[in-house]
Every structure is written in C-alpha cells, then in structure tokens.
Amino acid sequence: MRRLSDETAPSDEITSRANAEPPRNTVRTRARVELSPVDNASKSNQEGRAKPATPWSRAFEILRWRGPWRFLVLSLRELSKPLVYWHVYYIIQNDMQPALPTPAVKGKFETSVYSGEQDLAKASTALAGVAELTPAEIALRLKRHDAVAVAFAGQQAIGYLWMTFCSGLELVFDTVWIVHPNEAVLYDTFVLPEWRGRGIHACMDVALNNWAYSRGIERAFASISAVNNQSLGVLKLAGKARIMTLVLVRVCGLERTWIKATGLPFNLYFQRKQHAE
C-alpha cells in the first residue's frame, strides 16, 4: 500500500497533540532472523532518492500485488477519471497495547522511530533514498510532532510509516481527519517492492504502537482502500476492527463531493476542509 492517506495539513490546523513529551524520540527495535534477504538486497548501498516508477512498471506492480480483478476495477476508475472519480475506504481502529512483541519477519532489519524537530536531520537522511517527500514536507511533519517509523536493511531505508496526532490531515477530496486527544492517525506508508511480503509493515506498525503507547496514546486509526487486497490481508491477520466504510465520489467540473459513511457517523472522525473566501 503506497499511502494510507495523501497530503498533510497546514500547521495552523493542528487541534490536538499527545500529552506526554518523550524523554527521547528515537527508538530502535531489532527483528529476529528467519530467512536471509533476497539477492537484490545488495542494492542497499545505493545512494540518493529512489527513482519514480514508470507508468508501465506501476501497472505491473498493481497487477502483481492486487490481482486481476482489482486491477480491472482500478483501470476502469482511471479511464473514467475525466468524468467521475471515486474512493472507497475502510476506516480501521487499533487499540494501543503495552510492549507488543516484534513480529516474525523474513530477513534481518531494524526499525527506528523519529519525531520532533530534534530528529529532523536523522529522519531526512534516513528517508532520502526511499521517500518521495521533499525536505520541506518532512520538516513540516516533524515540526508538528508527527512520528515516522523507518525500517532499515543494513544502512538502507526500505520502508516507512507515519503517524500524526493533529487534526486537519487530508484523506481525499477536501475531507480531513478529526483527531481527538490521546488518539492518532496512521498514514503514508511504503515498502520497497523487493522487500514486500516479509512482515516489514507489521514491524513498523508495532514500533509506532509501542512508541505512542508509552506517550499516552490510547487508539490509532487508519484508512485502507477497499481495492488494496494486500493491506486488507494484513488487517485480517492483525485482527483490527473496521469501524466505518467511507465512499467518496466527485464529478469533474463540479465543486461538490458526494459522501456516504456506514458504521460510525462521518462527522465523528472527519469534516470537510474549510476554504478561505
């Protein structure tokens, strides 16, 4: 899953934060080894920002990980984009737990958690080779005290997962999260294709759970696309609860978005972004 949600909100929209200030913001957890990394892990010494995928490579990646049926659905959605575009999200609730053990993984890697302006240099260096974020975007997130878990194979960053404690994070179509006190939202996750299917996302999720729980966070939420079968499989294995299904449809050329929420009420965790006149 490329992202849990999309862009971040301006810093003046912050409405809530974790109450406890951490004594230090970087933690490391080491995963146990079950199998050796694949041969292409030797790419870990490459420097610089990851190259963007070409349209064809992106299409093959979607077909590989989501299967032919969901690939067809996504293709039809893209073909209809000039007229109408839609998203269906499952909203997931995760009750924080103390000291979760690191899941079994296929390979050897470490996970570090960074948060706050004091970790800006470390996080920027770690994310330089894997993230598509600009340095300004990374700085904006850390300065509002978002946290990011970064997975490493040796010295190479191979994946990341973000968590925010602030309202205003945009899901899509000017629909933004409401984050209540002692709660958080997981968003923007990525694992390099050659490292997928090894349990890396689960380890980053556990690292953020343990980090946030020790700082007073009681619940975390996430949005998962209904056509992302890989993430839905991880959700099923983890036993996390789906509390809402959110359908958003926008007709091109119109300013209004049709929204349908089932389960919990829409305005409990979301609101429409207010634009300046």
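Here is what the cut-offs are and how they apply
Counting restarts for each chain: residues are numbered from 1 in the order of the written sequence. Totals for whole chains, interfaces and linings use all residues, but because this is a predicted model, local features are given only for residues with pLDDT of at least 70 and pairs of side-chain atoms are given and counted only at 80 or more. The side-chain values count all of the structure's non-hydrogen atoms but skip hydrogen atoms and water molecules. The helix count covers DSSP runs of H or I at least four residues long, the strand count covers runs of E at least two residues long, and both are numbered beginning at the N terminus. Only protein chains enter the accessibility calculation, which uses a 1.4 Å probe. A residue is then buried if its area is under 20% of the maximum for its type, exposed if over 50%, and partly exposed in between. Two residues form a contact once any of their heavy atoms are found within 4.5 Å. If DSSP finds at least two bridges between two strands, the strands pair. Note on geometry: axes are C-alpha line fits, over the in-contact stretch for helices, and angles between N-to-C directions span 0 to 180 degrees. Confidence scores per residue from the predictor, reported as pLDDT, run from 0 to 100. As used in this structure description, the phrase polar contact means that two N or O atoms lie within 3.5 Å; if the pair is within protein, one of them must be able to donate a hydrogen and the other to accept it, and residues adjacent in sequence are counted only when both atoms belong to side chains. Take the number of residues in a helix, subtract one, and multiply by 1.5 Å to get its expected span. Throughout, the term roughly parallel applies to angles under 35 degrees, roughly antiparallel to angles over 145, roughly perpendicular to angles from 65 to 115, and oblique to all others. Helix crossings get a hand from a simple test, with the near helix turned counterclockwise from the far one by less than a right angle marking a left-handed crossing and a clockwise turn marking a right-handed one. For this classification, the nonpolar set comprises Ala, Val, Leu, Ile, Met, Phe, Trp, Tyr, Cys and Pro, the charged set comprises Asp, Glu, Lys and Arg, and every other residue, Gly included, is treated as polar. By convention a nonpolar core is built from buried Ala, Val, Leu, Ile, Met, Phe, Trp, Tyr and Cys residues, the set being connected through side-chain atoms within 4.5 Å.

1. A short note on the overall build of the protein
Next, step 1: Along its length, the protein carries six helices and 12 strands.
Next, step 2: Among the 277 residues that make up the protein, the fraction classed as buried is 47%.
Next, step 3: Put simply, of all contacts in the protein between residues at least 6 apart along the chain, 78% involve residues at least 24 apart.

2. Looking at the sheet that holds strand E7 (residues 175–177)
Next, step 1: Pairing is antiparallel across the open sheet formed by three strands, whose spatial order is E6-E7-E12. Only two strands of the sheet have a single partner each, and these edge strands are strand E6 (170–172) and strand E12 (270–272). For this sheet, the mean inter-axis angle between neighbouring strands, taken without regard to orientation, is 40°.
Next, step 2: Note: E7 against E12, three bridges, orientation antiparallel. By the bridge assignment for E12, Val176 is matched with Gln271.

3. What to know about the confidence of the model for the protein
Next, step 1: Averaged over every residue, the pLDDT of the protein is 77; residues scoring 70 or more account for 70%.
Next, step 2: Here strand E1 (residues 27–30) stands out as the element of the protein with the lowest mean pLDDT, 39, in contrast to E7, whose mean of 97 is the highest.

4. Thoughts on the side chain of Glu183
Next, step 1: As for its placement among the helices and strands, Glu183 is situated in strand E8 (residues 183–191).
Next, step 2: The buried category is assigned to Glu183, whose relative accessible area is 6%.
Next, step 3: At 2.9 Å, the side chain of Glu183 forms a polar contact with the side chain of Arg219.
Next, step 4: When sequence neighbours within four positions are dropped, the list of residues in contact with Glu183 reads Phe165, Ile217, Arg219, Phe221 and Tyr269.

5. Notes on unusual backbone geometry
Next, step 1: At Asp174, a position not held by glycine, the phi torsion is positive, near 60°.
Next, step 2: Note that Asp174 resides in the loop between E6 and E7.
Next, step 3: A positive phi angle, close to 50°, is found at Asp188, a residue other than glycine.
Next, step 4: With respect to the element layout, Asp188 can be found in strand E8.
Next, step 5: Taking relative accessible area as the criterion, Asp188 reaches 0% and is therefore assigned buried.

6. So, helix H4 (residues 200–213)
Next, step 1: Its 14 residues place the ends of H4 20 Å apart at the C-alpha level, agreeing with the 20 Å of an ideal helix rising 1.5 Å per residue.
Next, step 2: Burial runs high along H4: 10 of the 14 residues are buried.
Next, step 3: Along H4, the residues classified as buried are Ile200, Cys203, Met204, Asp205, Val206, Ala207, Leu208, Asn209, Trp211 and Ala212.

7. A few points about the packing of helix H2 (residues 120–127) against helix H3 (residues 135–143)
Next, step 1: Running from amino to carboxyl end, H2 crosses H3 at an angle of 140°, the nearest separation of the two axes being 10 Å. The orientation of H2 relative to H3 falls into the category oblique. For H2 against H3, the interelement crossing comes out right-handed. Across from Leu120, Ala123, Ser124 and Leu127 in H2, the residues of H3 making contact are Ile138, Ala139 and Leu142.
Next, step 2: In the contact of H2 with H3, the residues fall into six nonpolar, one polar and no charged.

8. Remarks on the nonpolar core
Next, step 1: Formed by 64 residues in total, the largest nonpolar core has its most connected members in Val150, Tyr160, Trp162, Met163, Trp177 and Phe270.
Next, step 2: With near-sequence residues (within four places) excluded, Val150 lies in contact with Glu110, Thr111, Ser112, Tyr114, Ala126, Leu127, Ala157, Gly159 and Tyr160.

9. Points about the pairing of strand E2 (residues 84–95)
If a strand is regular, its side chains alternate between the two faces of the sheet.
Next, step 1: Note that E2 and strand E10 (residues 241–251) share 10 bridges and pair antiparallel. Among the inter-strand pairings, Val88 is bridged to a residue of E10, identified as Val247.
Next, step 2: Relative to strand E9 (residues 219–225), E2 is paired through seven bridges, and the arrangement is antiparallel. Across the sheet, Ile91 pairs through a bridge with Ser223, a residue of E9.

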